[in-house]
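# Secondary and tertiary structure notes
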Amino acid sequence: MPSLSQMKENSETSKWLDAHYDPVANLYTFSSCIALADLHGDGENKLVVGDLGTGSCNMKLKVYRGTGLMSENTLLDLPTGLVSFLMDQHEPRTPAIAVASGPFIYVYKNLRPYFKFTLPPLEVNALEQDVWNQAREDMIDPLSLKEMLEGIRDKADVPLSVRSLRFLMLDPQDMEAFVNLHKAQPIRRQTVITCIGTLKKNMADEDAVSCLVIGTESKDVYILDPEAFTILSKMSLPSSPTQMDVTGQFDVEFRITVACRNGNIYILRRESPKPKYCIELSSHPVGLVRMGKNVVVGCAQETLQGFTQKGKKLWTACLPAPVTTMGVMDLPTRGFQAVLVGLANCEVHIYRDKNLISTIKTPDVVTSICFGRYGREDGTLIMTTKGGGLIVKILKRTAVFDDRDSAPGPPLAQSIRLNIPKKTKLYVDQTMRERENAVAMHRAFQMDLSRLRLAAARAYVKALESSLTPMSSSLSEPLKMNAVVQGLGPSFKLTLNIQNTAACRPVMNLAISFLYDESLYSMRTAFFKIPLLVPGLNYPIDTFVECLSDKGISDIIKVFVLREGKSAPLLTAHINMPVSEGLALN
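Residues numbered from 1 in each chain as written. Predicted model: local features only at pLDDT ≥ 70, side-chain atom pairs only at ≥ 80, totals over all residues. Heavy atoms only, no water.

### A few points about the pairing of strand S10 (residues 193–200)
Selection rule: Between buried and exposed lies partly exposed: a residue is buried under 20% and exposed over 50% of the maximum accessible area for its type, with that area taken using a 1.4 Å probe on protein chains only. The helix and strand labels rest on DSSP assignments: H or I over at least four residues marks a helix, E over at least two residues marks a strand, and numbering proceeds from the N terminus. Strand pairing is assigned whenever DSSP detects at least two bridges linking the two strands.
Across the eight residues of S10, six count as buried, placing the element largely inside the fold. The sheet contact formed by S10 and strand S11 (residues 210–216) spans seven bridges and is antiparallel. Bridge pairing in S11 places isoleucine 193 opposite threonine 216.

Put into structure tokens, the structure is as follows:
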């Protein structure tokens, strides 16, 4: 009976048909130098490969049809990128092939050389130019030339040319011959192309005209016109680009996602000469693909990370081995998109978001990967290996990929975000804010609390000094008073309850005085003396107030408890008189 791992491996391999495997195809290339294109307009896609050869010779542009080599053209230098694009509206609609190599782009049409584009030269260091002019006139010897060039290299803002850098690498005995050979020639500083892509010109159709987008070692990105090969736009980056992904249309809106040598990913947009967003990674990117509106990055620390197009990190998936290459698996007929990740352990993992949905075993380490229409078959997976082999697999029409993660670990439901209620989210945000700003919030609270205490103390002292409290602050006359108003009006009964709060000492020689607006109220007695107050007893003192106004207004009556021989009152009470309802009825 087969084991569980064997059953799982059989189910993975049953999704693919092994169409072709040639271990000695002698193909050495990367994913950036491989493309599928209908070169003759017959509906049959060919495989176009920029072969690196040995690295120093035997570089070729090879075209495969089916399982056999159809044609090959010799390349003068190592290819750094290869794309197919439609450069005009002429019939028949056959795409051209653009091969980036050194500072040049070689354009092939119908598999024949059509055009050669050269990058614009860079500015030459003026001091370097002057030093080589002196060497040409034999004013300085090679050793002095070396010292002067080394000083310029260490201090100048503009880098040295390739000629000067090669001269500084020579042994002293070879310098004189090098100077005699090159001193009569003008100095040129030329950059090289590091990556290449295509951008639709003004329509999003599959057969629309596309512009070329190139990244250079001089930290620039150029967009070229597809017909005249003039520079339509130039953008600058903080570092040299190594990988590129382009989406959108040049005349409408586009995004260029660029992985750079400094370990960051920058996102360029239309009418912006500098990056709009930056993604800082913990390790250098070794693969970059776009999945819809998200960017998936393979990192050198054996992780796969997903980001939004604005740079927000979405997820991270750990890999069992270092990433060797990455590609997109796009099946528009099924509405299926996934990421192909080639690993150094002779496996190709297929990811949908962070979920591993399939694994393909390969006989050798995969160095380049491409998925698309090959011949007349839509779901074709083409891979080249480290040993120069070529692998072609065809996806079965009955193949079904599960959305669940096949990798061991926590269940898929654990990564689904919960729909948090607004109040809970507000509470969580508030707790996070308090956690981040705890010190500042505590200081502000202590400051406000101190101010509140100070304001209360000042108000209390002011009330004691002006005897505005209903309780006496004097130790010799500890009194307490409250007032009650009875009646609807215009006559009110005003009752004052006075109490001596001392333990055993009676209080005498006190008087009560009323202060009021005589145009609104009248009182039968506005001043009278209080009898001796025995401690602990409540003394009610009654008087009558007459409201004189018929306008339905009221005012405050102030009550003062006085001590004979003292000008400051012992107690003060403000009585808010009610509106006279009796007058209003009359």
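### What about the UniProt feature "domain: Bardet-Biedl syndrome 1 N-terminal" (unreviewed entry) in the protein chain?
Rule in force here: UniProt positions are given in the numbering used here, feature names are shortened, and annotations may be inferred rather than shown by experiment.
As annotated in UniProt, the feature "domain: Bardet-Biedl syndrome 1 N-terminal" (unreviewed entry) corresponds to residues 16–269 in the numbering used here. Between the C-alpha atoms that bound residues 16–269 there is a distance of 39 Å. The span itself is 17% helix and 41% strand.

### Some words on the sheet that holds strand S29 (residues 479–486)
Spelled out, the test is: Axes here refer to lines fitted to C-alpha atoms; in helices the fit is confined to the stretch in contact. Angles between the N-to-C directions go from 0 to 180 degrees.
Read across the sheet, four strands follow the order S29-S30-S34-S32 without closing on themselves; strand pairing throughout is antiparallel. Of all the strands in the sheet, the pair left with one neighbour each is S29 and strand S32 (521–523). Taking the axes of each pair of neighbouring strands and ignoring which way they run, one obtains an average angle of 30 degrees across the sheet. Here S29 runs beside strand S30 (residues 491–500); their pairing, made up of eight bridges, is antiparallel. Of the residues in S30, the one forming a bridge with asparagine 482 is asparagine 497.

### Re the environment of leucine 237
The criterion, for reference: Pairs of residues are marked as contacts when any of their non-hydrogen atoms sit within 4.5 Å.
By the secondary structure assignment, leucine 237 is in the loop between strand S13 (231–236) and strand S14 (241–249). Measuring from C-alpha to C-alpha, the distance between leucine 237 and proline 273 comes to 8.8 Å, with 36 residues separating the pair along the chain. The residues contacting leucine 237, other than those within four sequence positions of it, are Lys219, Val221, Val258, Cys260, Tyr266, Leu268 and Pro275.

### What about helix H5 (residues 172–182)?
We count it as follows: Each C-beta atom gives one direction from the helix axis, and the arc is the one those directions make.
Residues of H5 that are buried include every one of Met175, Phe178, Val179 and His182, and no others. The buried residues of H5 occupy one face: seen down the axis, they fall within an arc of 100 degrees. The exposed residues of H5 that point more than 90 degrees off its buried face are Gln173, Glu176, Ala177 and Leu181. Tucked into the core, H5 has its buried residues touching helix H2 (126–136), helix H3 (142–155) and helix H4 (162–169).

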